[in-house]
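Coordinate analysis (summary)
Spelled out, the chains give:
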Amino acid sequence: MARRRGWGGSPPADDAEAARRIVAAAVELIGRTGAEISIADVAESLGVIRQTVYRYFPSADALMTAAAIASVDGFLDRLTAHVRGLDDPADAMIEAVVYTLTEVRQTPHLGILLSSSYANLHTDSLTSDEAQAFGMTMIRRFDVDWAAHGYDEPALRELVEYALRTMQSFFLSPGNPPRGDDELRRYLRRWMGTAISAQAEASAQGR
C-alpha cells in the first residue's frame, strides 16, 4: 500500500478504508454543492494529492458512480416505504417512476450522472448492467405478487428495462415546461400503465 499524506492527520488503515473515505468525501461534496465534482475537489477536501485519489478511482466518472451506489440503499428504503401497500403492478411502477424522477432531481448523489453533462456523455448509464441489477432489486421490494400477474424472470427484466428507458427519457428531456407529479401520473397511467396491465391480461388469457 502506497504511503499516504494528508487525510486530516489520520491516515486510513488500509486500501478499503481509503476508498470508503474517498467515496464519503465525494458524497458530502456533491450533497453540499449539488453539482459535479472533480478528483481535485475530493483530494483537496481530504488533504491529499490527486494521485492518491486516482489510485482508487481512475476518473471523476468512476468516483461519481461510486458515490451514487453509496446512496442507493437509503433511496431504496425510502422508495419501498413510499409504494408500500400498492399491490397492482401498474400502480406500483407508475408511483415508483414518479418518485424516482423527483428524488433524483433532489438528491445529487443519485442524479448527478443523469441530470448534468455526465448524462450527455453516458446516455446508456440507466440501462447498464448495474442499473438493471438496481432496478430488479427495487421492484422485488414492492408489495406486488409479480408471478400472479404473469411476470416471470425474463418479463420482469424487460419491465425494468422499459421503466429505466422511460425514466431516462425524462431525465434527458423533462419537457418545457416539465410535467408536475399529477400530470406525469396521468401520462404514465395512460401509456405505461396500459402496457404493464396488458402483461397480466395476456397471461390470464394464456391459462
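One can find the structure itself at the top, above this paragraph.
Below you will find a few notes about this structure. (Residues numbered from 1 in each chain as written. Predicted model: local features only at pLDDT ≥ 70, side-chain atom pairs only at ≥ 80, totals over all residues. Heavy atoms only, no water.)

**Observations concerning the overall build of the protein**
Helix and strand counts for the protein come out as 11 helices and 0 strands. Its helices and strands in sequence order give the protein the pattern α-α-α-α-α-α-α-α-α-α-α, from N to C terminus. Within the protein, counting contacts between residues at least 6 apart in sequence, those at least 24 apart form 69% of the total. As displayed, the protein has an accessible area near 11,000 Å², and 50% of this comes from carbon and sulfur atoms. (Helix = DSSP H or I, 4+ residues; strand = E, 2+ residues; numbered from the N terminus. Contact = heavy atoms within 4.5 Å. Areas by Shrake-Rupley, 256 points an atom, 1.4 Å probe, with all protein chains shown as cover.)

**Topic: the packing of aromatic side chains**
Inspection of the entire model under this criterion finds 4 aromatic pairs. When the centroid spacing of 5.4 Å and the interplanar angle of 80 degrees are considered together, the rings of W146 and Y151 count as edge-to-face. When sorted by exposure, W146 lands in the same class as Y151, which is buried. With a centroid separation of 6.0 Å and 85 degrees between ring planes, the pair formed by F170 and Y187 is classed as edge-to-face. Pair noted here: F170 is in helix α10 (residues 153–172) and Y187 is in helix α11 (residues 181–206), with a separation of 17 residues, a long-range link. Under the relative-accessibility criterion, F170 is labelled buried at 9%. Through pairs of rings, three or more aromatic residues link up here, namely F75, Y99 and F134. (Phe/Tyr/Trp six-rings, centres within 6.5 Å; stacked < 30°, edge-to-face > 60°. Buried < 20%, exposed > 50% of the residue type's maximum accessible area, 1.4 Å probe, protein only.)

**A few points about helix α5 (residues 72–83)**
For α5, spanning 12 residues, the distance from its first C-alpha to its last is 16 Å, which sits close to the expected 16 Å at 1.5 Å a residue. Among all positions of α5, only V72, F75, L76, L79, T80 and V83 are buried. Down the axis of α5, the buried side of the element spans an arc of 135 degrees, and every buried residue falls inside it. (Expected span 1.5 Å × (residues − 1). Arc of directions from axis to C-beta.)

**Brief notes about the environment of H149**
Inspection of the secondary structure puts H149 in the loop between α9 (129–140) and α10. A C-alpha to C-alpha distance of 9.6 Å links H149 and A202, two positions 53 residues apart in sequence.

**Some words on the nonpolar core**
In this structure, L79, M93, I139, F142, W146 and L188 are the most contacted members of the largest nonpolar core, which totals 36 residues. Counting only elements with at least two residues in this core, the list comes to α5, α6 (89–106), α9, α10 and α11. Element by element, the count of residues in this core is highest for α6, at 10 residues. Not counting the four nearest positions on each side in its chain, M93 is found in contact with I139, F142, W146, L159, A163 and I196. (Core = buried A, V, L, I, M, F, W, Y, C linked by side-chain atoms within 4.5 Å.)

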